[in-house]
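What the coordinates show
Below are the chains, spelled out letter by letter.
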Amino acid sequence: MISYKTDYRLENYVLNTTWEDLPADVKDRAVDCGIDLMTALILGSKGEQFRCGLRLTSYLKAGELEIPGSKGRFNLMGAAFALGHSSNSFDIDDGHNMIKGHPGTSFVGGVMAAGLEKDISYKDYLTALVVCYDVAVRIGLSTQEYYHFLHSTGTYGAVSTAAGMGRILGFTKEQLNTAISMAEFHAPLTPVMHSVNIPSMNKDGVPFGAMIGTLAALDTLAGESAKLYILEMDKYHHLTDDLEKNYEIRNLYFKPYTCCRWAHQPIQASIELIRDKKLDYRRIRHVVVHTFDSAAQLSKIVPWETDEAQYNIAFPVASAIVCGDVGFQQINNRALNNPDVLKMMKKLEFVVDPEMEAVFPEKRLAWMEFTMDDGTTYKTKVYAANGEASDHVDHNWIRDKFHRILSPVVTPEGQDQIYSALTADPDRKLRDIIAEINRTLVSCNADPEVPGLA
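We now turn to the structure provided with this report. (Residues numbered from 1 in each chain as written. Predicted model: local features only at pLDDT ≥ 70, side-chain atom pairs only at ≥ 80, totals over all residues. Heavy atoms only, no water.)

Another point: the overall build of the chain. Check the secondary structure of the chain and you find 20 helices and six strands. Relative to the 2.2 N^0.38 estimate, which gives 22 Å for 454 residues, the radius of gyration of the chain is 21 Å and therefore close to what a compact globule would have. With 454 residues in all, the chain has 61% of them scored as buried. Taking as baseline every contact in the chain between residues at least 6 positions apart, the subset at least 24 positions apart corresponds to 78%. Carbon and sulfur atoms form 51% of the exposed surface of the chain, whose accessible area is close to 17400 Å². Taking the average place of the 45 positive charges on the side chains of the chain and the average place of its 59 negative ones, the gap between the two points comes to 4 Å. (Helix = DSSP H or I, 4+ residues; strand = E, 2+ residues; numbered from the N terminus. Rg over C-alpha atoms; globule rule 2.2 N^0.38 Å. Buried < 20%, exposed > 50% of the residue type's maximum accessible area, 1.4 Å probe, protein only. Contact = heavy atoms within 4.5 Å. Areas by Shrake-Rupley, 256 points an atom, 1.4 Å probe, with all protein chains shown as cover. Lys, Arg positive; Asp, Glu negative; His and termini not counted. Charge placed at Lys NZ, Arg CZ, Asp CG, Glu CD.)

Here it is in structure tokens:
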């Protein structure tokens, strides 16, 4: 017999929190997350997964909603589906160590679509992001403990999407309870380690989480009923005890590189060692990466498309050694046949270090050992990935990432215009900001459209 209690504490928090209620540091972090998620959406609009999302929307009725990176117009469902396909397309979105996934990308599609539908202000959109981070992380923690299996972003994304959309669409607490219960029941139990070992567009399951969450919200409006979600069980009630005290948006990490977070430590180690020692990568004979088991399990295949390159450890590390960075220019489909990178991949060895494994997932650590052609050996220090919550990422860090990541696809002038739109008046309408961003992308010759699509 399941013991549970419906006290609507989560529903009340989701529905009743206002921008004015939030502490100053949480507001600041919400602005940073708005910038960071828009970075992912704009870069994602240049990828094949977004093109798939646009094709999917052709089965739906057209609407009037304008989304980042497209000249098309979409209804609520189409906008949520398309954005769910772009938000994680280049794996540059935020993450949370303890749920081993990416909360922001899990709900941004549905939240933005609902915000555009209801014509809300940007600060109301940012407030929805704050509460959705809290839903995503708490659902993620409870789900992974309940099933004793690493289900990743799409799983808790279904629930956080339904919660955020319910808030914006004006649900009652009873309706929100239904939507959350329905989304949690039908959530895709995305087996993330399957995608780690065999990478593809499946990745973190974000698009299907977004679709299930959107359907749960709309089916609630259609009168469907549902009961009991996992956080109502007595054994998980403690996870909602600290709502309005522990804002999970404070506990995020942010990604400087367009690939799985578990590869970021050796990437950073490689870039800094080669820079500091002025090494010639062509003189490297062998490289050993000492890391934790989950990272060592990442694919090491020669990628044929960008998703295979992102959910990989050998290709991004080799790219970092050869190119000094891992971004759009290193990870897009046209870059995958770089002969120097492919040659470097053959020189890499990955071993599980017991000390690195012992502190995972609270910490993701790695160190490297380089052997040169003349026999000289260099060992790096132990690295944590850059951008951890403990690094106290600030506005300058987010701004620098925004410009660096978007520089291959948006002109400097365009970057400044988009950045200004995201940091100016929080009372502006979300629709107006998205429209300005798209005008800027067009003026920068950033063509996000797919040939043959309206």
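Right, let's get into the state of the cysteines. The full count for this structure, using the stated rule, is zero disulfides. In this model Cys 259 remains outside any disulfide bridge; the closest cysteine sulfur is found in Cys 260, 7.1 Å from its own. A relative accessible area of 0% means that Cys 259 is categorised as buried. (Disulfide = S-S within 2.5 Å.)

Helix length check: helix α11 (residues 264-277) (14 residues) gives 20 Å between terminal C-alpha atoms against 20 Å at 1.5 Å per residue, within 8%. The element α11 is largely enclosed, with a buried count of eleven among its 14 residues. Residues His 264, Gln 265, Pro 266, Ile 267, Gln 268, Ala 269, Ser 270, Ile 271, Glu 272, Leu 273 and Ile 274 constitute the buried set of α11. For α11, the secondary structure elements touched by its buried residues are β2 (284-291), α14 (314-323), β4 (365-372), β5 (377-379) and β6 (383-384). Looking one or two places after α11, you find Lys 278, whose phi comes out positive at around 55 degrees. (Expected span 1.5 Å × (residues − 1).)

Next up on the list: the side chain of Asn 312. By the secondary structure assignment, Asn 312 is in the loop between α13 (306-310) and α14. Here Asn 312 falls in the buried class, since its relative accessible area comes to 0%. In this structure the side chain of Asn 312 is engaged in a polar contact, spanning 2.9 Å, whose partner is the backbone nitrogen of Ala 314. Within the structure, the side chain of Asn 312 is placed 3.0 Å from the backbone nitrogen of Phe 315, a separation counted as a polar contact. Setting aside residues no more than four positions away along its own chain, Asn 312 makes contact with Ala 263, Leu 298, Ser 299, Lys 300, Ile 301 and Pro 303. (Polar contact = N/O pair within 3.5 Å; in protein donor to acceptor, adjacent residues only side chain to side chain.)

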